[in-house]
Every structure is written in structure tokens, then in C-alpha cells.
Amino acid sequence: FFFRHTRLNPPSKHKHNASIMAEVGPGHILGMGNPLLDISATVPAEFLEKYGLKSNDAILCDEKHKPIYDDLVKNFDVEYIAGGATQNSIRVAQWMLGEPATAYIGSVGKDEFAETLRKKASEGGTAVEYHVDEKTPTGTCAVLIHGEDRSLVANISAAEKYCPKHLEETGWPHVERAKIVYISGFFLTVSPECINKVGKFCSENGKTFMMNLAAPFICEFFKDVLLAAFEYCDIIFGNETEFGTLAKVLDYGTTDLKEVVKKVAAHKKANGNPRTVICTQGPDNTIIFDKGEVKEYPVLPITEEELVDTNGAGDAWVGGFLAALAKGKDMEECTKAACYTAKTIIMRSGCTYPEKPEYKL
């Protein structure tokens with residue numbers, strides 16, 4: 001499956017240690033990203049070939065992909081699901097925590113899709129603070145399921161209209177209230193300025209700032225803004241493909257993921273605190289560099305019969321991790337919670353979950 005992940009700092013060097021973070025209150029976890037409505041369908045290999053798409057990939061829509069959304073709706077049995085990588089993670093974290101503890105910032109249009117997103121995103125207790133762009137439709141994402149894989153084509157539309165003015169005038173109280181801030185690398189395509197402003201504030205005020213590599217194309221085509229954001233990142237998540245791409249782009253000279261996570265952890269950091277780097281590998285062990293050493297953590301096994309849809313599995317992994325981290329859990333417990341949420345989502349269609357989690361934090 002398609003995962004991404006994160007880090008805990010040593011209590012001796014961080015203001016935000018477990019004893020402080022054990023009590024979770026409203027808005028303690030903040031997400032910033034691109035809210036999208038997923039249009040999901042199972043498609044044959046020929047459909048992927050028609051639009052020049054790869055299995056298990058995520059790309060931004062260009063001109064040749066624009067007909068894909070109408071094609072899906074007209075010719076396949078589609079399902080509409082509230083999506084966007086960061087929004088998924090925040091929704092899952094809120095589900096795990098139960099009591100209101102999360103907030104989310106992003107941009108949508110003034111339309112029915114936006115209202116669907118708002119309703120879905122806030123139903124568990126998340127405080128949703130959307131910027132509304134009245135001239136642009138709400139972003140959508142084609143989720144193309146083929147066998148055990150899925151290919152994502154995002155037309156972010158209104159999501160790319162997020163602006164510093166909204167952050168300053170409306171979003172900033174959420175930033176100040178948060179103890180943990182999580183941003184997907186996808187948001188680098190929208191507002192590096194906002195990311196760096198929030199990251200710098202977190203770095204200077206003892207908050208945990210974390211980012212996800214999100215997709216190989218972020219590492220390839222948004223390298224400079226990604227590295228600029230790294231300066232503030234306490235925890236960096238990614239999967240094996242994303243870290244492999246990053247290692248190639250930055251000329252690390254190795255494909256050994258245990259060495260790659262060390263090199264990512266060694267990048268310049270504004271406040272000098274150590275960085276945790278988390279590399280998920282689908283069904284294989286998760287590789288984590290934390291507190292100066294690399295460890296591997298097992299994932300929960302899943303049978304072929306249990307596997308329904310891997311879409312959102314990586315987002316859900318992060319959501320479980322965020323919830324456990326906010327509760328002051330150690331790295332082992334955070335990864336266990338992450339694996340539980342990922343497996344739960346894999347056993348269902350889209351990034352959806354039962355009414356209440358069986359896992360107790």
C-alpha cells in the first residue's frame with residue numbers, strides 16, 4: 001500500500017515532550033493542505049493507458065487529463081469521497097481521538113462540492129477553516145483503482161487559491177493554538193510562503209512541525225521549496241518511492257533507505273533540534289531514523305480477502321501517528337496506532353472508517 005510517515009523528538013531537547021502533550025484539547029493538531037473531492041472508480045488497465053497514467057502514482061492534472069473526470073462519471077460506477085491528503089490525515093486523527101482536537105485550513109470554491117467537503121471534514125469534530133474562492137470550482141481528484149493499486153489525478157482548482165491574507169486574518173489563531181502542525185508536500189504547489197511562515201513560527205515556539213514528501217513529482221519538480229521547508233521540519237514522512245526519488249534528485253549516492261533517512265535527517269534545521277524521518281514501505285517494515293539511530297517497525301499483515309482499497313492508506317497511517325503523538329505516546333506506540341488506522345482504511349472503500357475505532361490510545 002501507499003504510505004507516508006513522521007517523528008518524535010527526545011524529551012531532553014524539546015519543549016513539546018510527552019508529559020506536556022498527553023492532554024489533548026481543541027485545535028491541538030492543525031493540518032494545512034489542498035481539500036479535494038475524490039471521484040473514485042475501479043477501471044481497467046486500458047483506461048490508465050488512455051490517459052498515459054501509471055499504477056500507484058499521484059500527479060497533477062494537465063490538459064490531456066481534463067476529460068478524465070467526465071469520462072469517469074459517464075462510464076463508470078463512481079463514488080464521491082471527501083479527500084485531499086492532509087484533510088484525510090486530520091479526519092483520521094480526529095476519529096482516533098474522539099473529542100474535538102483537530103483543525104484544518106485550505107481553499108475551496110463556492111459550490112455544492114465545497115459543502116460536501118465541509119460537512120464530511122467537520123462531522124467528527126474537526127474545526128474547518130476554508131478560504132472560499134467564488135470564481136473557481138472546488139478541487140477534485142480522480143481516484144483510479146486497478147487491482148490492488150490506485151492512480152491519482154488531482155485537479156486542485158480552488159485549492160491552489162489559498163492565500164497569505166487568509167492565513168493572517170483567519171487562520172493564524174489556529175496556528176497559535178496548535179501543538180502539532182502537519183502539512184503535505186502537495187501544499188508546496190500552492191503556497192510555500194504560508195508553509196515557511198507557519199514552519200518558522202513552530203520552530204521558534206516549541207511546536208512540532210511535520211511534512212510529508214507526498215509524491216515523487218514533489219521531490220523532482222519542487223525541490224527548492226521542499227528543501228526550504230525542511231529547515232523547520234521536526235518530522236518528515238514519505239514512502240520508499242518518494243525517498244528513493246529524493247535521494248536521486250539530491251544525488252545522495254545511495255539507494256539504501258536506511259542511509260537515505262539518515263541523510264534527510266541531517267539537512268539543516270533552523271532551531272538545531274534533531275529531526276525524525278519516517279519511511280513507510282507498504283507491506284514491508286517501516287524504517288525510522290529517530291534519536292540518532294535507525295530502527296525498523298513491522299506493519300500489520302493484511303490478507304488478500306481483507307484488501308479492498310489502498311487509496312488513503314498512507315494518509316490514514318499519518319492520521320493514526322498524529323493522534324498517538326498528540327497523546328504523548330512513544331515511537332513504537334505511534335507506529336502501532338498508525339498501522340491500525342492504515343489497515344482499517346485498506347479494508348474499506350476510500351478513506352472511510354467505522355463509527356468508532358477499536359484501538360485505544
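One can find the structure itself at the top, above this paragraph.
Residues numbered from 1 in each chain as written. Predicted model: local features only at pLDDT ≥ 70, side-chain atom pairs only at ≥ 80, totals over all residues. Heavy atoms only, no water.

1. Quick word on the pattern of salt bridges
Moving on, step 1. For the structure shown, the criterion picks out 12 salt bridges.
Moving on, step 2. For K336, the salt bridge is made with E332, and the minimal N-O distance between the two is 3.7 Å. Of this pair, K336 and E332 both sit in helix α13 (residues 331-346), 4 residues apart, which is roughly one turn of that helix.
Moving on, step 3. The exposure class of E332 is partly exposed, given its relative accessible area of 43%.
Moving on, step 4. Members of the salt-bridge network, linked through shared partners, are E332, E333 and K336. (Salt bridge = Lys/Arg side-chain N within 4 Å of Asp/Glu carboxyl O. Helix = DSSP H or I, 4+ residues; strand = E, 2+ residues; numbered from the N terminus. Buried < 20%, exposed > 50% of the residue type's maximum accessible area, 1.4 Å probe, protein only.)

2. Remarks on the nonpolar core
Moving on, step 1. If you look at the biggest cluster of nonpolar residues, it comprises 58 residues, and the most contacted ones within it are M32, V198, F209, F243, L246 and V264.
Moving on, step 2. Here F243 is in contact with L213, I236, F237, G238, L257, V260, V264, V277, I278 and C279, once residues within four sequence places are set aside. (Core = buried A, V, L, I, M, F, W, Y, C linked by side-chain atoms within 4.5 Å. Contact = heavy atoms within 4.5 Å.)

3. Comments concerning helix α4 (residues 85-97)
Moving on, step 1. Between the first and last C-alpha of α4 there are 19 Å, a value that for 13 residues agrees with the 18 Å anticipated at 1.5 Å per step.
Moving on, step 2. The buried count for α4 comes to 13 of 13 residues, which makes it a mostly enclosed element.
Moving on, step 3. Once α4 finishes, G98 follows within two positions and takes phi at roughly 85°, a positive value. (Expected span 1.5 Å × (residues − 1).)

4. What to know about the pairing of strand β5 (residues 102-109)
Moving on, step 1. When you tally the buried positions in β5, you get 8 out of 8 residues, the bulk of the element.
Moving on, step 2. Alternating residues of β5 divide into T102, Y104, G106 and V108 and A103, I105, S107 and G109, and every residue in both groups is buried.
Moving on, step 3. Bridging between strand β1 (residues 29-32) and β5 involves 4 bridges; their strand directions are parallel. For M32, the partnering residue across the bridge sits in β5 and is I105.
Moving on, step 4. Of the pairings in the sheet, the one linking β5 to strand β6 (residues 127-133) comprises 7 bridges and is parallel in character. Looking at the pairing, G109 lines up with D133 of β6.
Moving on, step 5. The parallel pair β5 and β6, bridged by helix α5 (residues 112-122), forms a crossover whose chirality is right-handed. (Pairing = 2+ DSSP bridges. Right-handed = clockwise from strand over helix to strand, strands pointing away.)

5. Examining the packing of helix α12 (residues 313-326) against α13
Moving on, step 1. Packing of α12 against α13 brings their axes to within 7 Å, and their N-to-C directions diverge by 145°. Relative to α13, α12 is oriented so that their crossing is right-handed. Every residue of α13 that contacts α12 at A313, A316, W317, G320, F321, A324 and L325 is listed here: M331, E333, C334, T335, A337, A338, C339, T341, A342, I345 and I346.
Moving on, step 2. Residues that form the contact of α12 with α13 fall into these classes: 14 nonpolar, 3 polar and 1 charged. (Axes fitted to C-alpha atoms, helices over the stretch in contact; angles between N-to-C directions. Left-handed = near helix turned anticlockwise from the far one by under 90°. Nonpolar A, V, L, I, M, F, W, Y, C, P; charged D, E, K, R; others polar.)

6. Considerations on the sheet that holds strand β3 (residues 57-60)
Moving on, step 1. If you trace the 5 strands from one edge of the open sheet to the other, you get β3-β8-β7-β2-β4, paired in mixed fashion. If you trace the sheet from one side to the other, it starts and ends with β3 and β4 (79-83), each paired once. For this sheet, the mean inter-axis angle between neighbouring strands, taken without regard to orientation, is 20°.
Moving on, step 2. Two strands pair when backbone bridges link them, and strand β2 (residues 36-42) and strand β7 (residues 140-146) are joined in this way by 6 bridges, in the parallel orientation. Directly across from L37, in β7, lies its bridge partner T140.

7. Focus: the pairing of strand β9 (residues 180-184)
Moving on, step 1. The element β9 is extensively covered by neighbouring structure, given that 5 of its 5 residues are classed as buried.
Moving on, step 2. Examined bridge by bridge, β9 and strand β10 (residues 208-212) share 5 bridges and lie parallel to one another. In the strand pairing of β10, I183 is matched with M211.
Moving on, step 3. Viewed along the sheet, the connection from β9 through helix α7 (residues 192-204) into β10 turns out right-handed.

8. A look at the sheet that holds β10
Moving on, step 1. Taking strand neighbours across the sheet as the criterion, the 9 strands line up as β6-β5-β1-β9-β10-β11-β12-β13-β14 in an open arrangement whose pairing is mixed. Every other strand in the sheet has two partners, leaving β6 and β14 (293-297) as the edge strands with one partner each. Strand-to-strand twist of the sheet, defined as the mean angle between neighbouring strand axes without regard to direction, takes the value 20°.
Moving on, step 2. In this structure, strand β13 (residues 284-290) lies alongside β14, joined through 5 bridges in antiparallel fashion. Bridging across to β14, D290 finds its partner in E293.

9. Observations regarding a nonpolar patch on the surface
Moving on, step 1. A contiguous nonpolar patch, built from V73, Y80 and F113 and spanning about 250 Å² of accessible area, is present on the exposed surface.
Moving on, step 2. Exposure remark for V73: the relative accessible area of 39% places this residue in the partly exposed category. (Patch = residues over 30% accessible without salt bridge, like charges linked within 9 Å, V, L, I, M, F, W, Y side chains within 5 Å. Areas by Shrake-Rupley, 256 points an atom, 1.4 Å probe, with all protein chains shown as cover.)

10. A look at the state of the cysteines
Moving on, step 1. Under the defined criterion, the tally for this structure stands at 0 disulfides.
Moving on, step 2. Looking at C163, it has no disulfide partner, and the nearest cysteine sulfur is the one in C194, 7.3 Å off.
Moving on, step 3. Judged by its relative accessible area of 23%, C163 falls in the partly exposed class. (Disulfide = S-S within 2.5 Å.)

11. A closer look at the packing of α4 against α12
Two quantities define a packed helix pair, namely the angle between the helix axes and the distance between the axes.
Moving on, step 1. Running from N to C, α4 and α12 cross one another at 45°; their axes reach a closest spacing of 7 Å. Between α4 and α12, the crossing angle belongs to the class labelled oblique. Considering how the two elements wind past one another, α4 and α12 form a crossing that is right-handed. In this structure, α4 contributes A85, N88, S89, I90, V92, A93, M96 and L97 to the contact, and α12 contributes D315, A316, V318, G319, G320, L322 and A323.
Moving on, step 2. Classifying every residue of the contact of α4 with α12 by side-chain character gives 10 nonpolar, 4 polar and 1 charged. (Parallel < 35°, antiparallel > 145°, perpendicular 65-115°, else oblique.)

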